[in-house]
Amino acid sequence: MGKRDTKENNKSGKKKSSFFRDERFKVTIGLVFTGLSILLLLAFISYLFTWKIDQSFEWSKVFSNPEFRVDNWSGKVGAWFANLFLNQWFGIASFTVPFLLLLMGLRLMRIKILPLGPAFRITIIFTILISIWLGYIFGHSGGFLGSGPGGRHGLYISDWLKAFSGSLGTLFILLILTFTMIVFSFHNSFKNIVAFTQHTLDRIKKAFKEKTGTKNRKDITEKTQEIYDEGGYVFETEFPSREQQGMSTFGKVADAEKAEKSEEEIELTVSQPGENGDSDEDLPDYDQLEDYDPTLDLPHFQMPPLEMLAKHDSDNPNVTNEELISNKNKIVETLSNYKIQIDKIKATIGPTVTLYEIVPAPGVRISKIKSLEDDIALSLAALGIRIIAPMPGKGTIGIEVPNQNPEIVSMRSVLGSRKFQECNYDLAVALGKTIANETFVFDLARMPHLLVAGATGQGKSVGLNCIITSLLFKKHPSQLKFVLIDPKKVELTLYSKLEKHYLAKIPDAEEAIITDTHKVIYTLNSLTIEMDQRYDLLKKAGVRNIKEYNHKFIKRNLSPEKGHRYLPYIVVIVDEFADLIMTAGKEVETPLARLAQLARAIGIHLVIATQRPTTNIITGVIKANFPARIAFRVTSMVDSRTILDAPGANQLIGRGDLLFAPGSEMTRLQCAFIDIPEIESITDYISFQQGFPTALYLPEYIDESTPEGLEIDLSRKDSLFNEAARLVVLHQQGSTSLIQRKFSIGYNRAGRIMDQLEAAGIVGAPDGSKPRQVFFSDEYSLEQYLSTLIKQ
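Every value quoted in this text rests on a predicted model; they were computed, and no experiment measured them. (Residues numbered from 1 in each chain as written. Predicted model: local features only at pLDDT ≥ 70, side-chain atom pairs only at ≥ 80, totals over all residues. Heavy atoms only, no water.)

**Student:** Outline the overall build of the protein chain, supporting the account with residue identities and numerical values.
**Tutor:** Regarding its fold elements, the protein chain presents 27 helices and 17 strands. Among the 792 residues that make up the protein chain, the fraction classed as buried is 47%. In the protein chain, of all internal contacts separated by at least 6 residues, the share reaching a separation of at least 24 is 68%. Split by element, the accessible area of the protein chain, about 40100 Å² in all, is 55% carbon and sulfur. (Helix = DSSP H or I, 4+ residues; strand = E, 2+ residues; numbered from the N terminus. Buried < 20%, exposed > 50% of the residue type's maximum accessible area, 1.4 Å probe, protein only. Contact = heavy atoms within 4.5 Å. Areas by Shrake-Rupley, 256 points an atom, 1.4 Å probe, with all protein chains shown as cover.)

**Student:** Outline the sheet that holds strand β16 (residues 667–671), supporting the account with residue identities and numerical values.
**Tutor:** The 9 strands lie next to each other as β8-β7-β16-β15-β14-β9-β13-β12-β10, forming an open sheet whose pairing is mixed. Strands with a single pairing partner mark the edges of an open sheet, and in this sheet they are β8 (439–443) and β10 (480–485). Within this sheet the neighbouring strands show an average axis-to-axis angle of 30°, counted without direction. Pairing of strand β9 (residues 450–453) with strand β13 (residues 604–610) involves 4 bridges; the strand directions are parallel. Within β13, the residue paired with L450 across the bridge is V607. Across the sheet, helix α16 (residues 460–472) touches β7 (428–434), β9, β10, β12 (569–574), β13 and β16, and the angle it forms with β7 is around 130°. (Pairing = 2+ DSSP bridges. Axes fitted to C-alpha atoms, helices over the stretch in contact; angles between N-to-C directions.)

**Student:** With reference to specific residues and values, describe a nonpolar patch on the surface.
**Tutor:** Residues V32, L36, I38, L39, L42, F49 and W73 make up a contiguous nonpolar surface patch of about 740 Å² in total accessible area. Relative to the helices and strands, L39 is located in helix α2 (residues 23–55). (Patch = residues over 30% accessible without salt bridge, like charges linked within 9 Å, V, L, I, M, F, W, Y side chains within 5 Å. Salt bridge = Lys/Arg side-chain N within 4 Å of Asp/Glu carboxyl O.)

**Student:** Tell me about the state of the cysteines, and please be specific about residues and values.
**Tutor:** Tallied over the full model, the rule gives 0 disulfides. Between C466, a cysteine without a disulfide, and C671, which holds the nearest cysteine sulfur, the sulfur-to-sulfur distance is 4.0 Å. (Disulfide = S-S within 2.5 Å.)

**Student:** Break down the pairing of strand β4 (residues 353–360) for me, with residues and values.
**Tutor:** Within β4, 7 of the 8 residues are buried, leaving the element largely enclosed by the surrounding structure. Pairing analysis gives 7 bridges linking strand β3 (residues 342–349) to β4, with the strands arranged antiparallel. From the neighbouring strand, I345 faces β4, where its bridge partner is I358. Between β3 and β4, which pair antiparallel and follow one another directly, the connecting turn spans 3 residues. Bridge count between β4 and strand β6 (residues 397–402): 6 bridges; the pairing is antiparallel. Looking at the pairing, I358 lines up with I397 of β6.

**Student:** So what about the packing of aromatic side chains? Which residues, and what values?
**Tutor:** Considering all chains together, one arrives at 15 aromatic pairs under this definition. Seen in terms of ring centroids, Y292 and F553 are 5.2 Å apart; in terms of plane orientation they differ by 85°. Their pairing is edge-to-face. One end of the pair, Y292, is in the loop between α10 (263–267) and α11 (321–337); the other, F553, is in helix α18 (residues 546–554), with 261 residues separating them in the sequence. Grouped by ring-pair contacts, the aromatic residues F44, F85, W89, F90 and F95 constitute a single cluster. Note that K474 overlies the ring of F420, its terminal NZ or CZ placed 5.2 Å from the centroid. In this arrangement the basic side chain of K717 is found over the ring face of F721, its NZ or CZ atom lying 5.7 Å from the centre. (Phe/Tyr/Trp six-rings, centres within 6.5 Å; stacked < 30°, edge-to-face > 60°. Lys NZ or Arg CZ within 6 Å of the ring centre and 35° of its normal.)

**Student:** Give a detailed account of unusual backbone geometry, specifying residues and quantitative values.
**Tutor:** The omega torsion across M447 and P448 is 0°, close enough to zero to call that bond cis. For K489, which is not glycine, the phi dihedral falls at a positive 70°. The backbone of R556 sits at a positive phi, close to 65°, despite the residue not being glycine. With relative accessibility at 5%, the residue R556 sits in the buried group.

**Student:** Quick one: what's the story with the pairing of β8, residue by residue and with numbers?
**Tutor:** Burial runs high along β8: 5 of the 5 residues are buried. The alternating pattern of β8 places T439, V441 and D443 on one face and F440 and F442 on the opposite face, and all of these are buried. Of the pairings in the sheet, the one linking β7 to β8 comprises 5 bridges and is antiparallel in character. Paired with K433 across the two strands is T439, which belongs to β8. Counted between consecutive antiparallel strands, the loop separating β7 from β8 contains 4 residues, among which N437 sits at a positive phi close to 65°.

**Student:** Give me the lowdown on the confidence of the model for the protein chain, citing residues and values where you can.
**Tutor:** Caution applies to low-pLDDT regions: their predicted coordinates should not be interpreted in detail. Across the protein chain, pLDDT averages 78, with 78% of residues at or above 70. Put simply, α10 is where the protein chain has its lowest mean pLDDT, 33, and β12 is where it has its highest, 95. Taken together, the stretch residues 237–284 has pLDDT below 50 and engages in 102 contacts with residues farther than four places along the chain or on a different chain. Between residues 706–710, whose pLDDT stays under 50, and residues either more than four places distant or in other chains, the model counts 0 contacts. (pLDDT = per-residue confidence, 0-100.)

**Student:** Could you give me a rundown of the pattern of salt bridges, with the residues and numbers involved?
**Tutor:** The tally for this structure, following the rule as stated, stands at 20 salt bridges. Here E400 makes a salt bridge to R668, at a shortest N to O gap of 2.6 Å. Of this pair, E400 sits in strand β6 while R668 sits in strand β16; the two residues are 268 residues apart in sequence, bridging distant segments of the chain. Its relative accessible area of 2% is what places E400 among the buried residues. Classification of R668 as buried rests on a relative accessible area of 4%. Between R668 and D657 there is a salt bridge, with the nearest N and O atoms lying 2.5 Å from each other.

**Student:** How would you explain the side chain of R668 if you had to name every residue and give the values?
**Tutor:** Among the polar contacts listed, one links the side chain of R668 to the side chain of E400, at a separation of 2.6 Å. Side chain to side chain, R668 and D657 meet in a polar contact 2.5 Å long. The residues contacting R668, other than those within four sequence positions of it, are V353, R386, E400, K433, T434, I435, Q651, L652, I653, D657, L658 and L659. (Polar contact = N/O pair within 3.5 Å; in protein donor to acceptor, adjacent residues only side chain to side chain.)

**Student:** Go over the nonpolar core, please, and point to the residues and values.
**Tutor:** Ranked by internal contacts, the top residues of the largest apolar core, which has 112 residues, are L450, F482 and F660. If you tally residues by element for this core, the top one is helix α17 (residues 517–541), at 8 residues. In this structure F660 touches L431, F440, F442, M447, L450, R629, I630, E665, M666, T667 and L669, once residues within four positions along its chain are discounted. Core analysis: the next-biggest nonpolar cluster, separate from the first, contains 24 residues, L720, A724, L757 and L782 among them. (Core = buried A, V, L, I, M, F, W, Y, C linked by side-chain atoms within 4.5 Å.)

**Student:** Would you mind going over a negative patch on the surface in detail, with residue names and values included?
**Tutor:** A contiguous patch of negative charge, built from D508, E510, E511 and E700, is present on the exposed surface. On the basis of relative accessible area, E700 is assigned to the exposed category, the value being 62%. (Lys, Arg positive; Asp, Glu negative; His and termini not counted. Charge placed at Lys NZ, Arg CZ, Asp CG, Glu CD.)

In structure tokens:
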């Protein structure tokens, strides 16, 4: 009886709570708020004409006498509220109240115009300020609305300020308050508006200069300084040229002509009505139509300007001539101690390390120099050096020595470089700068997948941010979508604002950033379905890859009526792969391996990162399908060999120092730095613009391994059944992921245990993404019930 009563009480409570969560209830309340906002707006407008009559009433008699009539369009209640807000409170500034009610109503009906919290805060602040301004400017104004345009509030505050500081002092105070409120209320949005305006002005200036034929680019020539010493060999120091940093906009991406097309021109890009046959040959003559432009879905979208990124570069040189000569002398002295003579040393200065290329005398073995790595590091007192013997494509041996004052490579300098702006890669990524201080740009579409690994705190998350930011500065939202998987739940949440512009998700996901392991499995399997569907489209179109397919679609050689569509690139970012392997294992690795093997041709590219580069995490299947690797600093040579199949990552100095290996050759880079406020500015700038109605929905995936309606045999309970029952009662949360984490088991086994708990009546049925209802409130009643199950 106790169990039955508990279940009935819990079910009744669940019904009450589900009533308030019901979508129909929310829509009804939203309609009520919307109606109230309209009535209140009509009352306020009517009060502007009837305020003299409405103020003459004694409201106690008005409401008590049913025969009493008022002239206000919203009746007695509307007249009373209008008198309260417009006369006694904030005056004309009270017109913001119907706006707030309308905003609440639309939000309850799932219509999102503005963020509710910031909109309330900003509107209330400016209602008070506008009331004071109106009271200051107009005063009583002949008794308009009873107390003047600013209401009693504005009149009282302005009169008090005038008495305290005079008219000019009050004006000065109000100006300071208004400016301060604007800056603090809008925060990044204010900065985005300024940047947006500057961006537009720069585009106008650039267009004018292009018409007049002027050029505003200057190339800084390279300087080479030769220093001769008594040894008889030449020591050359190269100071590489700095690429021009000043281009503020991306004219190629944010094309002004696309943004300025009229609605009539946009309509010309839509397929003309006509009768289509069964084959593409029966389609209309597409030569007479303009090419399809996917960016016209958001024609006025503009890429973020470079001004939103900070300049982290230092003006002072990071390596002095004294440091170069000192290191050169120490290298020569160490080698001479082991009777190794050299003919020439050449130093190339990079942002983090300096490369000393030496030409050994004839007859000197390379392996002998390679074995002196630790001795050279000891003589230089460096954190760790790396010897490259020989240098690929050169007849020299390279010795990489960390600089005493490493330079920060800003993301702005990398994205502003001519190399990045003028590249025509499909998925251009600017990762950082090389030892020669040149911007390093690669095409993610050619990799085609990327494995990122390194110890904690060595720059992996910053590297992922650089990859995402590079793509955001190059690709229109209609051309690129991200699937962001973040088991740590804190690294990629900054990009949730881009949901309606750049993100893709499964249909039933509430959040665009995927953090739950169960949703990760569904998303990866959904991507495999999307991959298969895209291959079917390529087969019908008679092409081999996404580039050829989209070209035919843009040229209108493929009919949307046959199911053809423009295919955006999809980049999947996984921030902590090790956690997924530990919790889900093969359920994650299998669809990921399928995508890695097959998804290249149809535009789905994977970027997975892990801080545990061990063989049980980065398995042979993963390594075989991820030829491109990025290795940040690791603690051991074994980890370096796991990532790169070669040592070297253990000799890096950290803080963004990395090795990039797209194949057999490795390149040492200093990863660009982008800070959290810069990312927030970029995401705010993009979300401030018009987006798509929803995120891109991936195909729905149905797990056929767990069909509904399957009977559970409680006589064959799992060995962890009783402990799992105690766990969910203790936490009062029926969650499969909770069982999975606490007992370190796979998701399938945890799901079977949860099904058994439901069949036993301990937890309720699943309720979407919410935890299941727990029918026992304490362990004592649970133990009694478990004892009855044992007897059965």
